[in-house]
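A look at the structure
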Amino acid sequence: MENAPRTAFSRARPVARTSFGQATLVLQPEQLLQPPDPFQSPGAWLIAAVAAETRIMTPTGPCPAGRLQPSDFVQTIDHGPVPVLWSGRRTVSARQVAACPQLGPILVPRAAFGGGTPRRPVRLSPRAGVLLSPDNAPDGVLVPAGDLCGHAGIAPTPAEAVTYVQLLLERHAVIAADGLPVESFHPGWLDDGPWNSRLRAEVIAVLPDLEHGPDLYGPDVRPRVQRAR
């Protein structure tokens, strides 16, 4: 078990192999007029989510994301151990993924990045931010997992069930998912739209001050960069 988190993360941090521009999610008119179930549609519940089986580094060693509960601590790259305030879980069936592939997870193969990370295959939501370190941003940038498809074997999985887990920490942070640096959940993505209403209510129940604006949670831990689709 590493007792120096910054040293451990620096070895695991992947090296960017390309540059990125901006991305936009385009919804069809019928989706806007008649949105399906908010938790089977694109929304904030797909931000910063990992599959439940993904092992998250904690002060006592790796723990499956699906087992982490509020008051547990996870290890972060910048701030050491930080407590979990809220853990959200959303299950998508194989049939739902087949009908709407943008809900399905992205598979990052073992050792897809420098330093041999991740240590085993990892499934992430398409909008999970992965920390990359290009030459012009030595502290790193967050890139959505879906925008990494086509690099180092990263690709959407076949239609299969997945339980996504989001971890809201005391502060926005970079955590290790089987050694791969990814972001925790930031409530700044929430708005008053119908697709986010249930998730927003859950988060505000934990942090009531966010009723006045989710950005009160604090800044993003790293800049975000996305590739044009």
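Residues numbered from 1 in each chain as written. Predicted model: local features only at pLDDT ≥ 70, side-chain atom pairs only at ≥ 80, totals over all residues. Heavy atoms only, no water.

Named according to an unreviewed UniProt entry, the protein is Hint domain-containing protein originating from Tropicimonas isoalkanivorans.

**What to know about the overall build of the protein**
Heads up, the rule is: Think of it this way: any DSSP run of H or I at least four residues long counts as a helix, any run of E at least two long counts as a strand, and we number them from the N terminus. Note on definitions: a residue-residue contact is assigned when non-hydrogen atoms from the two residues lie within 4.5 Å.
Per the secondary structure count, the protein includes four helices and 13 strands. For the protein, the proportion of contacts with a sequence separation of at least 24, taken over those separated by at least 6, is 68%.

**Re helix α4 (residues 197-206)**
Defined as follows: Buried residues are those whose accessible area, probed at 1.4 Å on protein chains only, stays under 20% of the maximum for their type, while exposed residues exceed 50% and partly exposed ones sit between those limits. Think of it as the arc spanned by the lines of direction from the helix axis to the C-beta atoms.
All buried positions along α4 are accounted for by L199, R200, V203 and I204. Along the long axis of α4, the arc covered by the buried residues comes to 130°, so they all point the same way. Looking at the buried positions of α4, the neighbouring elements they touch are β5 (80-92) and β11 (162-169).

**A word on the nonpolar core**
Note the threshold: By nonpolar core is meant a set of buried Ala, Val, Leu, Ile, Met, Phe, Trp, Tyr and Cys residues that side-chain atoms within 4.5 Å join together.
With 54 residues, the main nonpolar core has I56, L124, L169 and F185 as its most contacted residues. With six residues, the top contributor of residues to this core is β11. Counting five residues, the second-largest nonpolar core is a separate cluster that includes I77, L142, V174 and V221.

**Concerning the packing of aromatic side chains**
Inclusion rule: A pair of Phe, Tyr and Trp rings is counted when the ring centres sit within 6.5 Å of each other, with Trp represented by its six-membered ring. The angle between the planes then sorts it: under 30 degrees is stacked, over 60 is edge-to-face, the rest tilted.
Using the criterion set out here, one finds two aromatic pairs in the structure. Taking 6.0 Å as the distance between ring centres and 50° as the angle between the ring planes, the aromatic pair formed by W86 and F185 counts as tilted. Here F185 lies in the loop between β13 (180-183) and α4 and W86 lies in strand β5, a separation of 99 residues in the sequence. With a relative accessible area of 6%, W86 lands in the buried category.

**Thoughts on empty space enclosed by the protein**
How we decide: Detection works on a 1 Å grid of protein atoms alone, calling trapped sets that fit a 1.4 Å probe cavities and calling open sets with protein on both sides within 12 Å along at least five of seven lines pockets, with lining residues defined by an atom within 4 Å of a point. Grid points are joined across faces, edges and corners, and a volume is the space filled by probe spheres set on the points. As a working rule, the residues Ala, Val, Leu, Ile, Met, Phe, Trp, Tyr, Cys and Pro are called nonpolar, Asp, Glu, Lys and Arg charged, and the rest polar, with Gly in that last group.
All chains considered together, the criterion is met by two cavities of 30 Å³ or more. Computed from the structure, the second largest cavity encloses a volume of approximately 40 Å³. Contributing to the lining of the second largest cavity are A48, A49, V50, V165, Q166, L167, I175, V182, E183 and S184. Counting only elements with at least two residues in the lining of the second largest cavity, the list comes to β1 (49-51), β11 and β13. Ranked by residues supplied to the lining of the second largest cavity, first place goes to β11 with three residues. When its residues are assigned to classes, the lining of the second largest cavity shows seven nonpolar, two polar and one charged.

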